[in-house]
Amino acid sequence: MDLTTFETRTGLWPHMQFTDVEYEVCSAGVEIYAIDVSRQTKSKLFICRVANEQQAASLTAQFKEWLPKLKLKKRKVALNLARMACEKSYPANPKFQDRSDMRRNTSRF
């Protein structure tokens, strides 16, 4: 599995914040899960199934390295979306001039 596939799979649930990756041995092999413990319950997202624990340990370590990168990317996207929404709400007015300094220098008659 590559980073793009991992990002796509975890990105299908944008409300979840995956903070860890773990694997479990089952009858069909070893299953790898992304973990979200940001709420009061522990949520697990199935990522993939591999043949043995050695593969699972290797992939789990790789996925754990990718989680912070994806989190940072998600924050940047959210920040850019918020910035664009703000710009749409308050469009720049080219005729606006800051006259705060002029008020201080004017005298009243």
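In this text the structure is predicted, and so the values were computed from the model without any measurement. (Residues numbered from 1 in each chain as written. Predicted model: local features only at pLDDT ≥ 70, side-chain atom pairs only at ≥ 80, totals over all residues. Heavy atoms only, no water.)

Q: It is not clear to me how the layout of surface pockets should be interpreted in this structure. Could you clarify?
A: With a probe scaled to a water molecule rolled over the atoms, the places where space remains empty come into view. Estimates place the volume of the largest pocket at around 380 Å³. As for the largest pocket, its lining consists of 16 residues, and the residues nearest its centre are M16, L67, L70, K71 and K74. Those elements that provide at least two residues to the lining of the largest pocket are helix 1 (3-11) and helix 2 (53-89). When residues of the lining of the largest pocket are assigned to their parent elements, the largest contribution, eight residues, is made by helix 2. Looking at side-chain class alone, the lining of the largest pocket contains seven nonpolar, four polar and five charged residues. (1 Å grid on protein atoms, 1.4 Å probe; cavity = no way out; pocket = protein on both sides within 12 Å on 5 of 7 lines; lining within 4 Å. Points joined across faces, edges and corners; volume = space filled by probe spheres on them. Helix = DSSP H or I, 4+ residues; strand = E, 2+ residues; numbered from the N terminus. Nonpolar A, V, L, I, M, F, W, Y, C, P; charged D, E, K, R; others polar.)

Q: Just checking my understanding: could you explain the packing of aromatic side chains for this structure?
A: Within a pair of aromatic rings, the relevant descriptors are the distance that separates the centres and the angle that separates the planes. By the definition in use, this model includes four aromatic pairs. Aromatic side chains Y33 and F46 sit 5.8 Å apart centroid to centroid with 70° between the ring planes, which places their arrangement in the edge-to-face category. Taken together, the residues span a long stretch of sequence, with Y33 in strand 2 (residues 29-36) and F46 in strand 3 (residues 43-50) at a distance of 13 residues. Among the residues examined, F46 registers a relative accessible area of 34% and is labelled partly exposed. Note on F63 and W66: the rings are 5.6 Å apart at their centroids and 40° apart in plane angle, and the pair reads as tilted. A residue pair is termed a helical-turn pair when its members lie 3 or 4 positions apart in one helix, as F63 and W66 do in helix 2 at three residues. Every member of this aromatic cluster is reached through a ring pair, and the members are F6, F63 and W66. (Phe/Tyr/Trp six-rings, centres within 6.5 Å; stacked < 30°, edge-to-face > 60°. Buried < 20%, exposed > 50% of the residue type's maximum accessible area, 1.4 Å probe, protein only.)

Q: Could you clarify how one ought to interpret the pattern of salt bridges in this entry?
A: Two side chains that carry opposite charge are able to pair once their charged atoms sit near each other. Under the criterion given, the structure shown has five salt bridges. Its salt-bridge partner being K73, residue E7 comes within 3.1 Å of it at the nearest N-O pair. One end of the pair, E7, is in helix 1; the other, K73, is in helix 2, and 66 residues separate them in sequence. (Salt bridge = Lys/Arg side-chain N within 4 Å of Asp/Glu carboxyl O.)

Q: Whenever I open this one, the sheet that holds strand 1 (residues 20-26) confuses me. Can you help?
A: Think of a sheet as strands paired side by side through backbone hydrogen bonds, with each pair either parallel or antiparallel. Spatially, 1-2-3 is the arrangement adopted by the three strands of the open sheet, whose pairing is antiparallel. Each edge of the open sheet carries a strand with a single partner, namely strand 1 and strand 3. Neighbour-to-neighbour, the strand axes of the sheet open up by a mean angle of 30°, direction not taken into account. Two strands pair when backbone bridges link them, and strand 2 and strand 3 are joined in this way by seven bridges, in the antiparallel orientation. Bridged to V30 within strand 3 is V50. The strands touched by helix 1 within the sheet are strand 2 and strand 3, with strand 3 carrying the most contacts at an inclination of about 145°. (Pairing = 2+ DSSP bridges. Axes fitted to C-alpha atoms, helices over the stretch in contact; angles between N-to-C directions. Contact = heavy atoms within 4.5 Å.)

Q: Please explain a nonpolar patch on the surface as it appears in this structure.
A: Judged by side-chain polarity, V77, L81 and M84 come together as a nonpolar surface patch covering roughly 280 Å² of accessible area. Here L81 lies in helix 2. By relative accessible area, which is 52% here, L81 ends up exposed. (Patch = residues over 30% accessible without salt bridge, like charges linked within 9 Å, V, L, I, M, F, W, Y side chains within 5 Å. Areas by Shrake-Rupley, 256 points an atom, 1.4 Å probe, with all protein chains shown as cover.)

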